[in-house]
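Remarks on the overall topology
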Amino acid sequence: LIKKRWKASTNAGATRPIGKRCAATPATSHRTICWRLSIIASTTSASRMMFAFSRDRAVPGHNLWRKVGRNRVPHYAVIAICVLAAIIMLMPSV
């Protein structure tokens, strides 16, 4: 029954099923780019905020989080935010 519908729909010019598509559509590529940029932006803003709070000594472990590298990036704050995001992502939903 499914194969008959597929053959009928291909003659009508309908789109292929998701599993049969070889290349990504422009909309999918756009969504992927936007998704990646939003992850980068949220990680950057969260690590900068953690750095600012640790600079004011308002975060536990502030001596570690406020260290910056040669290129003025708070590497330890970025790593902490990424680890926290991974932990939250892997937690089972209730």
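The structure this text deals with has already been given above.
The present account deals with the structure reproduced in this document. (Residues numbered from 1 in each chain as written. Predicted model: local features only at pLDDT ≥ 70, side-chain atom pairs only at ≥ 80, totals over all residues. Heavy atoms only, no water.)

A few words now on the overall build of the protein chain. Counting its regular elements, the protein chain contains four helices and zero strands. In the protein chain, the succession of helices and strands from N to C terminus is α-α-α-α. Out of the 94 residues in the protein chain, the part that is buried amounts to 13%. In the protein chain, the proportion of contacts linking residues at least 24 apart, taken out of those at least 6 apart, comes to 30%. (Helix = DSSP H or I, 4+ residues; strand = E, 2+ residues; numbered from the N terminus. Buried < 20%, exposed > 50% of the residue type's maximum accessible area, 1.4 Å probe, protein only. Contact = heavy atoms within 4.5 Å.)

On to the nonpolar core. In terms of nonpolar packing, the biggest core is built from six residues, these being M50, V59, W65, A77, A80 and I81. If we ignore the near neighbours within four places in the chain, the residues touching W65 are M50, F51, S54, V59, P60, P74, Y76, A77 and A80. (Core = buried A, V, L, I, M, F, W, Y, C linked by side-chain atoms within 4.5 Å.)

A few words on helix 4 (residues 75-90). Helix length check: helix 4, at 16 residues, gives a terminal C-alpha distance of 23 Å against a target of 22 Å (1.5 Å per residue), a fit within 8%. Buried residues of helix 4: A77, A80 and I81, and no others. Mapping the buried residues of helix 4 onto a view down its axis gives an arc of 100°, with all of them on the same face. Looking at helix 4, the residues exposed on the side facing more than 90 degrees away from the buried face are I79, M89 and L90. On its buried side, helix 4 packs onto helix 2 (26-55) and helix 3 (62-65). (Expected span 1.5 Å × (residues − 1). Arc of directions from axis to C-beta.)

Picture a little ball the size of a water molecule; that probe, rolled over the atoms, points out where space is still empty. Approximately 180 Å³ is the volume found for the largest pocket. As for the largest pocket, its lining consists of W35, I39, S42, T43, I81, C82, A85, A86 and M89. At the level of elements, helix 2 and helix 4 are the ones that each hand at least two residues to the lining of the largest pocket. For the lining of the largest pocket, the element with the most residues is helix 4, which contributes five residues. Each residue belonging to the lining of the largest pocket can be placed in one class, and the counts come to seven nonpolar, two polar and no charged. (1 Å grid on protein atoms, 1.4 Å probe; cavity = no way out; pocket = protein on both sides within 12 Å on 5 of 7 lines; lining within 4 Å. Points joined across faces, edges and corners; volume = space filled by probe spheres on them. Nonpolar A, V, L, I, M, F, W, Y, C, P; charged D, E, K, R; others polar.)

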